[in-house]
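Okay, here's what each chain looks like letter by letter:
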Amino acid sequence: MRVAVAADHAGYRLKEEIVDFLRQAGIPHKDFGTHSLESVDYPDFALAVARAVQSGEFDRGIIVCGTGIGVSISANKVPGIRAALCHDTFSARASREHNDANVLTLGERVIGPGLARDIVATWLKAEFQGGRHTRRVQKIADIEANFNIG
Ligand code: RB5
């Protein structure tokens, strides 16, 4: 599994923790930045990860900002991206099992690094359950495909 990771300045420190976790766990990953605390715009970094996942180059994405909200909204504008903002392990597992989330978003200003590591580990391990959830995820894709057609 290859994981694309990014953050804005407000998520930079937590992103560094996550990159460290992935390195220690031996999970292939790429850090799309940002690389400092200098102020940047979160949609740019959300888009970089969303594109990397949408293209198939990466299987999953993890994006961090101050709240996790801005990067979640941004990533979910990209067709095929199902970004889930999760600040607990129950939601992280469910976002994979029920929603087949391919992007996880986190807020550095909301949770600490220990919980974030647990959430990331849970989310990377959990598998989509299929079954009735497949129909529902397909309906999300249908909304995406048909919305502008009417
Ligand atoms: C940056 O100040 C902050 O607005 C951003 O990181 C994020 O929380 C937006 O949703």
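Thresholds applied
- Counting restarts for each chain: residues are numbered from 1 in the order of the written sequence.
- Only residues with pLDDT of 70 or above have their local features reported here, since the model is predicted, and side-chain atom pairs are shown and tallied only from 80 upward, although totals for entire chains, interfaces and linings are computed over all residues.
- Where side-chain values are given, they derive from all heavy atoms of the structure, hydrogens and water being excluded.
- Going along the chain from the N terminus, every DSSP run of H or I of four or more residues is numbered as a helix, and every run of E of two or more is numbered as a strand.
- Expected span, for any helix, means 1.5 Å times one less than how many residues it has.
- Only protein chains enter the area calculation, which uses a 1.4 Å probe; residues under 20% of their type maximum are buried, those over 50% are exposed, and those in between are partly exposed.
- Here, two residues are considered to be in contact whenever any of their heavy atoms come within 4.5 Å of each other.
- We call a residue near a molecule or strand whenever a single non-hydrogen atom of that residue lies within 4 Å of it.
- Polar contact criterion, stated in full: a pair of N or O atoms within 3.5 Å, where within protein one must be able to donate a hydrogen and the other to accept it, and residues adjacent in sequence count only if both atoms are side-chain atoms.
- Note that accessible areas follow from Shrake-Rupley with a 1.4 Å probe, and for residues the cover is restricted to the protein chains shown.
- Under the convention adopted here, Pro, Cys and the residues Ala, Val, Leu, Ile, Met, Phe, Trp and Tyr are nonpolar, Asp, Glu, Lys and Arg are charged, and Gly plus all remaining residues are polar.
- Aromatic rings from Phe, Tyr and Trp, taking only the six-membered ring of Trp, are treated as a pair when their centres fall within 6.5 Å; an angle between ring planes under 30 degrees marks them as stacked, one over 60 as edge-to-face, and anything in between as tilted.
- Definition used for salt bridges: Asp or Glu carboxyl oxygen within 4 Å of a side-chain nitrogen of Lys or Arg.

Peer 1: How do you make sense of helix α1 (residues 12–25) when you look at a structure like this?
Peer 2: Since there are 3.6 residues in each turn of an α-helix, residues three or four apart along the chain are aligned in direction. With 14 residues, α1 extends 20 Å from end C-alpha to end C-alpha; this agrees with the ideal 20 Å at 1.5 Å per step. Turning to α1, its buried residues are Tyr12, Leu14, Lys15, Ile18, Val19, Phe21 and Leu22. For α1, the secondary structure elements touched by its buried residues are β1 (3–7), β2 (29–31), β3 (60–65), β5 (103–107) and α5 (113–125). Downstream of α1 by a residue or two, Gly26 has a phi angle that is positive, lying close to 70 degrees.

Peer 1: I'm lost on the environment of Glu127 in this one. Help?
Peer 2: Along the chain, Glu127 falls in the loop between α5 and α6 (132–146). A relative accessible area of 53% places Glu127 in the exposed class. For the pair Glu127 and Ser95, spaced 32 residues apart in the sequence, the C-alpha separation amounts to 9.4 Å. Residue contacts for Glu127: discarding those within four places in its chain leaves Arg96 and Glu97.

Peer 1: Would you take a moment to explain the site of the ligand for this structure?
Peer 2: Around the ligand, the neighbouring residues are Asp8, His9, Ala10, Tyr42, Cys65, Gly66, Thr67, Gly70 and Arg109. Between an oxygen atom of the ligand and a main-chain N or O atom of Gly66, the distance comes to 2.8 Å. In the environment of the ligand, an oxygen atom lies 3.4 Å from a nitrogen or oxygen atom belonging to the side chain of Arg109. For the ligand, whose free accessible area comes to 290 Å², the fraction covered by protein is 73%. A breakdown of the residues in the shell around the ligand according to their chemical character gives 3 nonpolar, 4 polar and 2 charged.

Peer 1: Explain the packing of aromatic side chains to me, please; I cannot follow it from the model alone.
Peer 2: Given two aromatic rings, their pairing is described by the distance between the two centres and the angle made by the two planes. Counted by the stated rule, this structure contains 1 aromatic pair. Measuring from centroid to centroid gives 5.7 Å for Phe32 and Phe58, while their planes differ by 75 degrees, and the two rings are edge-to-face. With Phe32 in the loop between β2 and α2 (42–54) and Phe58 in the loop between α2 and β3, this pair connects stretches of sequence that are 26 residues apart. What makes Phe32 partly exposed here is its relative accessible area of 23%.

Peer 1: What's the story with the pattern of salt bridges in this structure? I'm lost.
Peer 2: Any two side chains of opposite charge can pair if their charged atoms end up close together. A complete count under the given rule lists 7 salt bridges for this structure. Residue Arg117 pairs with Asp20 through a salt bridge whose shortest N-O separation is 2.9 Å. Taken together, the positions of Arg117 in helix α5 and Asp20 in helix α1 put the pair 97 residues apart, joining distant regions of the chain. On the basis of relative accessibility, which here comes to 22%, the residue Arg117 falls in the partly exposed class. Across the pair Arg82 and Asp100 runs a salt bridge, and its minimum N-O distance is 3.2 Å.

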